Structure formats: structure tokens, C-alpha cells
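Close look at the chain arrangement
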Amino acid sequence: MSGKCIIDIQPKESLADQALTTLRISNLTPNGEFTIRAKTEDEAGVSWVSRGVFKSDETGVIDLSAQIPLSGTFTISDPSAILWSMHPDEEVAGPVPKFEKKSVSPLSIEVSISRDKEVFAQTTIERVFSPTTGIVREPVDQGGVVGTLFYPENKGPHPVVICLSGSGGGYDETRASLLAAHGYAAFAVAYFGAGSLPDELSEIPVEFFERAVLLLDEYDFIDSDKIAVYGYSKGAELALLLGSLYPHIKSVAAFSGSSFVWQGLKFGSPKSSWTKDKKEIAYLPMKVPFLTILKLIFGKKVAFLESYERGMQASKMSEEARICVEKINGPLFLVAGTDDQVWPAANFADMIAERLKHSEHQYFYQYFKEEGAGHLVGLPYFPSAEVYKNLVFTSGNNDLSSLAMIKTWDAMIKFFDKCFK
């Protein structure tokens, strides 16, 4: 090598939902094999690594925007692949778990270039969830409303997106803070599993949403005529249900959602996930196969897809439990993977799209049916989980899910812009 090896990454600091446009290494030995490695640690203390083995060209350059790795954790030319192809340990084969990131603190990632364990250069990039200036973070815990509100400092008024997490409970600040960085007020709201709220996802009163809206009405920088609800997984089921019940919701985004209301996730006799006016909302019960029950007893990982499919086939309550998406008073954004192993999200989304067409719903909708993708509940530019605790998310490789999350998150921002800006 002539001179010092140089790693050029652009941008070195950026929002966590933005692509890396450049990853170029120069001053290498021409036509040599080198390993590019990225390493970071999630909030559970797990070390995550990605790598790619490349051959430098005749001028001693490796350019990830133009070259495909000879081997590694990714197989395409993409500077951002060092982010979304990470695994907990590059030496361990097995399903990829969830990358734990719930706070809005920046994430530092170390990038290095090496050969035969000799490191020639390294640098650090930073992925930002909430800019240090221009965005206000305001924790909320009052009147049965628990969460965090993010909003731009400029006066507005701003459209607001209410963000709902999945069956893990609580609320996730990362998505809300990123939406705020794109010019929205964003309210990450819990519906169970936080503060004084119920501990389990069963018979949750939908009236929590009314209380959240009343609280938002107190802020003069929020345009309460422009309310959207965004949810993923069980939160997407809830987002669609709320949209069908409350006409002042003007847009719904649902990732890996359901076209039906389902039973709550609580041991014992099944109950509805949701109530309104202290009455259970009609629901479908799951029909869990005996083999799945045995796997649960012995602590094995399970795919609940069949349990939901059997529930639909066996129930006589299908029409009563169907979410009336045609009543949603605005556009819809739907995302589903065809290899979702949690529940048949793509079939659900197909049903929703068909119902919107049949009812001649007056608003537009967008539907991203992602072939081969699993349960799409991750963050863009992060590795999508193949499993989470005892849940199987996909039967295949998570690359398709990771790339689908990047595409559809960006499309959702543009969708909200079209709706409200």
C-alpha cells in the first residue's frame, strides 16, 4: 500500500432512517482481498457485527456502491448493507433476534478495514434518532395517557402521528422521534404495559385514544384536524380499529396488521383484545394446534401463523369481528410480508384492499405486499428479526425483511406528506 489507507463514509453522522451514500476505501494494495467490518452494541448489551470480503481494484480501491462482496453477511452492492446485515456474532449461525433499541440516544458504529487480522484503518459513524436541536421531547403520564411526545420547535401547527407499538407493550420512542425529524408531531403512546395501564394485552379500552386526543388538543402547535395513527403488528390491528371507530383520524398506516379483531394475549379463557364503552369488541379466537402448545410448554420457538389461520376457518364470528376499514375517514397505508410467520399479514392486507375496493372507499390507499419478507416490525437500516423471544417472525433469511423495511418506511413518510403537506 502506498500511503495511509483511507475510509470514506458519507454521511458520517445522519438520521437513523437515512441511507449511507458512500463507503469507499482507498490506498489499499491493488487486487488484494480485504475485510470490511462494522460493529456496534444494542441496548441489551449484545454485540452486533457485519462484514464483507472484497477484492480491491487495480488502483487499490474498494467501493461498496459498485462492488459485490466475495463473501460476508450481505450479497449486494450497497454501502448501507453494513447496517442492515448485522448479526449478533459473525461466528454463530442461527436465527437473527431483535436488535434492542428503544431510546433516542445516538448509536455509534465502528467500521474497519483489515486483512489477516491486521487492521489498516478504522472510523466511527453515528446514527441519530433525534437531532440535538430543533426537536422537543416531552414525556407524558397523566390521565391514563402514557408515552412521549416529540415535535419540531418551530411554531407549526404540525400534523400529528400517534404511534402504537406491538404486543411487547409499552411505547417505542425511536419511530416517533424520527417522524418528528421529518416535520411531524409524533406521539408514542402505550396502550398496555406501562405506568398505570394494564399489564396484559386483554380487554384494553379504546377510550385511551380519546384521552390522548384531548391532551393533544391542549397544544396550539398541533393541528388536531390532521391526525394519523401508525402501528405495527398488534398495534396495526389497533390502528385500523381506531380509524374505523373515530372519524377525526384522517390517515392510518398499518405494518403487518390484521383485518380482524383477535383475542387478547392473556392466559385463561379468551377475551377480546379491546373494549368500547366497557363492552368487548367482537373478536376471533385463535385455534392453537396441540404441537404448538407442546412447543410452548417446552420453551421452543413457535410460529403462530397456523393458529390464526385455523381461527379464521373455524370461527362463525368472522363478519362480526372484521374491522370496518371502509369507515376510515382518510387514506390507508398497508405493508405486509408474504412470509410472515406470526400471522397471515399478507392475507389480511389482501382482504383490507378488497374491502376498500368493494365499498368504493373514497380515499386512496397504498399497499406494499413484500414477497418473501416476514413480520415487518423493525426499524429501517437495522437488521430485521427472524425471531423475537419465543416467536418466529420468518421462515427465510431476514435480508428481504430488512430491505422491505427500508423501502416501506421511506414510502410511509412520503405517504404522510401526501396526506398532510
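Data block above holds the structure.
I will try to describe carefully the structure that is included in this document. Since the structure is predicted, the reported quantities are computational estimates derived from the model, not experimental observations. (Residues numbered from 1 in each chain as written. Predicted model: local features only at pLDDT ≥ 70, side-chain atom pairs only at ≥ 80, totals over all residues. Heavy atoms only, no water.)

1. Thoughts on empty space enclosed by the protein
Stated precisely, the cut-off is as follows: Buriedness for pockets is judged along seven lines, at least five of which must meet protein on both sides within 12 Å for an open set on the 1 Å grid over protein atoms alone, while cavities are sets there where a 1.4 Å probe fits but cannot get out, and lining residues have an atom within 4 Å of a point. Grid points are joined across faces, edges and corners, and a volume is the space filled by probe spheres set on the points. Helical segments are the DSSP runs of H or I of at least four residues, strand segments are the runs of E of at least two, and each set is numbered from the N terminus. Throughout, the ten residues Ala, Val, Leu, Ile, Met, Phe, Trp, Tyr, Cys and Pro are labelled nonpolar, Asp, Glu, Lys and Arg are labelled charged, and all others, Gly among them, are labelled polar.
Counted under the stated rule, the structure contains three cavities of 30 Å³ or more. In this structure, the largest cavity encloses a volume near 60 Å³. Lining the largest cavity are Thr40, Leu83, Met86, Phe99, Leu107, Ile109, Arg127, Tyr381, Phe382 and Pro383. Within this model, the second largest cavity holds a volume of roughly 50 Å³. Around the second largest cavity sit Leu240, Ala254, Ser256, Gly257, Leu334, Val335, Ala336, Ala345, Phe348, Ala349 and Ile352, which together line it. When residues of the lining of the second largest cavity are traced back to their parent elements, those giving at least two are strand S19 (332-337) and helix H8 (345-358). Considering each element in turn, the lining of the second largest cavity owes the most residues, four residues, to H8. Residue composition of the lining of the second largest cavity, grouped by class: nine nonpolar, two polar and no charged.

2. Quick look at the environment of Leu107
Keep this limit in mind: Residue burial is assigned from relative accessible area. The probe radius is 1.4 Å, only protein chains are included, and a residue is buried under 20% of its type maximum, exposed over 50%, and partly exposed in between. Residue contacts follow a heavy-atom distance rule, with two residues in contact if any of their heavy atoms lie within 4.5 Å.
Within the fold, Leu107 resides in strand S8 (residues 107-115). By relative accessible area, which is 7% here, Leu107 ends up buried. C-alpha of Leu107 to C-alpha of Glu41: the two residues are 66 residues apart in sequence and 8.3 Å apart in space. Once residues lying within four places of it in the same chain are set aside, the contact partners of Leu107 are Thr40, Glu41, Phe99, Lys101, Ile125, Glu126, Arg127, Phe129 and Phe382.

3. Re the side chain of Ser130
Relative to the assigned elements, Ser130 resides in the loop between strand S9 (118-128) and strand S10 (135-142). Looking at Ser130, the relative accessible area reads 15%, which means it is buried. Look past the residues within four positions of Ser130 in its chain and what remains in contact with it is Val104, Ile135, Phe150 and Ser177.

4. Some words on unusual backbone geometry
The linkage connecting Gln10 with the following residue, Pro11, adopts the cis geometry, with an omega of -10 degrees. Along the chain, Pro11 falls in the loop between strand S1 (6-10) and strand S2 (13-15). Cis geometry marks the peptide bond from Gly156 to Pro157; its omega dihedral reads 5 degrees. Mapped onto the elements, Pro157 comes out in the loop between strand S11 (145-152) and strand S12 (158-164). Despite not being glycine, Ser233 has its phi angle at roughly 60 degrees, a positive value.

5. Considerations on the pattern of salt bridges
To be explicit about the condition: Salt-bridge detection follows one rule: a side-chain nitrogen of Lys or Arg within 4 Å of a carboxyl oxygen of Asp or Glu.
Per the stated rule, a full pass over the model turns up twelve salt bridges. One salt bridge connects Arg137 with Glu173, and the closest N-O pair in it is separated by 2.9 Å. Of the two residues, Arg137 sits in strand S10 while Glu173 sits in helix H2 (residues 173-181), which places them 36 residues apart along the sequence. The partly exposed category is assigned to Arg137, whose relative accessible area is 43%. For Glu173, a relative accessible area of 8% translates into the label buried. For Arg175, the salt bridge goes to Asp172, with nearest N and O atoms at 2.6 Å. Asp172 matches Arg175 in its accessibility class, with the two residues each being buried.

6. Observations regarding the sheet that holds S19
Stated formally: One bridge is not enough; two strands pair if DSSP finds at least two bridges between them. Only the stretch in contact is used when a helix axis is fitted, and all axes are lines through C-alpha atoms; the angle between N-to-C directions ranges over 0 to 180 degrees.
In space, the eight strands of this open sheet follow the order S10-S11-S13-S12-S15-S16-S19-S20, with mixed pairing throughout. A single partner strand is all that each edge strand has here, and the edge strands are S10 and strand S20 (365-370). Here the strands of the sheet are splayed against their neighbours by 15 degrees on average, with no regard to which way each runs. As defined by bridge partners, S10 adjoins S11 across eight bridges and the pair is classed as antiparallel. Along S11, the bridge assignment pairs Gln142 with Val145. Contacts between helix H4 (residues 234-245) and the sheet are confined to S12, strand S15 (222-232), strand S16 (249-255) and S19, with S16 contributing the most and set at about 155 degrees to the helix.

7. Remarks on the nonpolar core
Grouped burial of nonpolar side chains is what soluble globular proteins tend to show. Under the convention used in this document: Remark: nonpolar core denotes a set of buried residues (Ala, Val, Leu, Ile, Met, Phe, Trp, Tyr, Cys) joined through side-chain atoms within 4.5 Å.
In this structure, Ile113, Leu179, Tyr230 and Phe416 are the most contacted members of the largest nonpolar core, which totals 88 residues. Per element, the largest residue contribution to this core is ten residues, and it comes from helix H9 (residues 399-420). Excluding its chain neighbours within four sequence positions, the residues that come into contact with Leu179 are Val161, Cys163, Tyr184, Ala186, Tyr230, Trp409, Met412, Ile413 and Phe416. Leu164, Leu242, Ile281 and Leu332 belong to the second-largest nonpolar core, a separate cluster that totals 47 residues.

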